[in-house]
Amino acid sequence: MRRPIAGCGPVTRRPLDLRSDTVTTPTARMRSAMAAAEVGDDVFGEDPTVRALEAKSAGMSGMEDGLFVPSGTMANHLAILALCGRGRAAIVLEHSHLARMERAGAAVLMGVPLLAVTTGNGVVDDVRVEASLARVAPIQMPKLGVLCLENTYDLNRGLVISPAETAAMAAVGRGLGVPVFLDGARIFNAAVAAGAPLESFTRTVDAAQFCLSKGLSSPIGSVLVGPRDLIAEARWLRQQLGGGWRQAGIIAAAGLVALDEMVGRLAEDHAHARELGRLLAEAGLGVDHAQIQTNIVRVDVGGAGLTAEAFVARMAARRVLVKPVGPDTVRLVVHREIAASDLTVIARAAGASVAA
Ligand SMILES: *Cc1c(COP(=O)(O)O)cnc(C)c1O
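Residues numbered from 1 in each chain as written. Predicted model: local features only at pLDDT ≥ 70, side-chain atom pairs only at ≥ 80, totals over all residues. Heavy atoms only, no water.

Colleague: Can you help me understand the side chain of Thr 329 in this one?
Modeller: On the secondary structure map, Thr 329 appears in strand E13 (residues 329–333). Apart from the residues within four sequence positions on either side, Thr 329 is in contact with Arg 298, Val 299, Asp 300, Ala 308 and Pro 324. (Helix = DSSP H or I, 4+ residues; strand = E, 2+ residues; numbered from the N terminus. Contact = heavy atoms within 4.5 Å.)

If you want it as structure tokens, here you go:
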């Protein structure tokens, strides 16, 4: 928990860190669950706490099995490799984490070309344009291997894709004859915002992953869920990547607490994000309120005559950390360690940064 740090001069507070929700630290209950966790060698499939987390994740998503992995990136890679195979193309959405942050890994490690579909809001009713390229010029185009969805969509906006929209896009994938994967790194934010259970998003796709280490405050880890055969294949691929881990129950224990105790409170982050958006607009920044659907606030600082870089530096000088995401856009991510009382502090720093 954040505490003022007494220095030589006046008491200074720790920076308010809104760069990401990954900065959240484990709760006291996670720490004690970790200390008490029963463990074994997970490469031998003998860590009971890991198995409990995988079984719980599978149950919550209506899938047959789960695989606990160190990161969302590894979960994405394993899913795509297992569903698609090297050399076939993965269709991804324009502003997705896969399209933006995982291109090098897809090319170098997976050997999977990414075909990005244009979409402003994460919903596509037709990927024929991209798919037809593979049909009209089959010899010159990669064969299609998987359609990848994302929810919440766009790491800089966190837009909610509804279960109905997910089902419709899964049908598009089926129409193309490819399996459908859901990168649900922040799916619990979508589930809480939509008031729908995890299973309503996962039942129409072939496999999905979610992160425990973002808004849910777990220190490390993601879970890939899907059919038993696919998870067995992913487990085998994970070992090749050096992702076989031993007494991982120490961290799976925190993941179990995250699933039990940390999902419901995300609504509080969403309310804080809306309130922060209101305060930042008052401070003279460009905010699209309709796009504040979960815990992410994207702000345009160009209208205030600033570059993102300048704004980020001025905020940091006031001990508020935010992330530049474009030449004149900045993202603020609200999470468990940003309290309601911090919102006015953040807005005041923003107002002073604009005026400076
Ligand atoms: C964070 C994120 C990932 C990657 O997760 P890491 O644990 O950081 O590797 C993948 N997809 C989306 C949508 C994300 O937000």
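Colleague: I keep staring at the site of the ligand and nothing clicks. Help me out?
Modeller: In the vicinity of the ligand, the contacting residues are Ser 71, Gly 72, Thr 73, Asn 76, His 97, Glu 102, Glu 150, Asp 183, Ala 185, Arg 186, Cys 211 and Lys 214. Thr 73 places a side-chain nitrogen or oxygen 2.6 Å from an oxygen atom of the ligand. With respect to the ligand, the side chain of Arg 186 contributes an N or O atom lying 3.4 Å from an oxygen atom. Across the complex, the protein chains shield 84% of the 380 Å² of accessible surface that the ligand would expose by itself. Applying the majority rule of atoms within 2 Å of the grid points places the ligand in the largest pocket. (Near = heavy atom within 4 Å. Polar contact = N/O pair within 3.5 Å; in protein donor to acceptor, adjacent residues only side chain to side chain. Areas by Shrake-Rupley, 256 points an atom, 1.4 Å probe, with all protein chains shown as cover. 1 Å grid on protein atoms, 1.4 Å probe; cavity = no way out; pocket = protein on both sides within 12 Å on 5 of 7 lines; lining within 4 Å. Sits in = over half its atoms within 2 Å of the grid points.)

Colleague: Please clarify how the layout of surface pockets should be interpreted in this entry.
Modeller: Over the atoms rolls a probe the size of a water molecule, and its path tells where empty space is left. Estimates place the volume of the largest pocket at around 280 Å³. Residue lining of the largest pocket: 23 residues in total, with His 97, Leu 155, Ala 185, Arg 186 and Lys 214 positioned closest to the centre. For the lining of the largest pocket, the secondary structure elements donating two or more residues are helix H3 (72–84), helix H4 (97–101) and strand E7 (207–211). For the lining of the largest pocket, the element with the most residues is H3, which contributes 3 residues. Split by domain, the lining of the largest pocket shows at least three residues from each of two domains, domain 1 (16–23 + 265–355) and domain 2 (37–262). (Points joined across faces, edges and corners; volume = space filled by probe spheres on them. Domains from an automatic or database assignment.)

Note that every value here comes from positions in space, so none of it alone points to a role or purpose.
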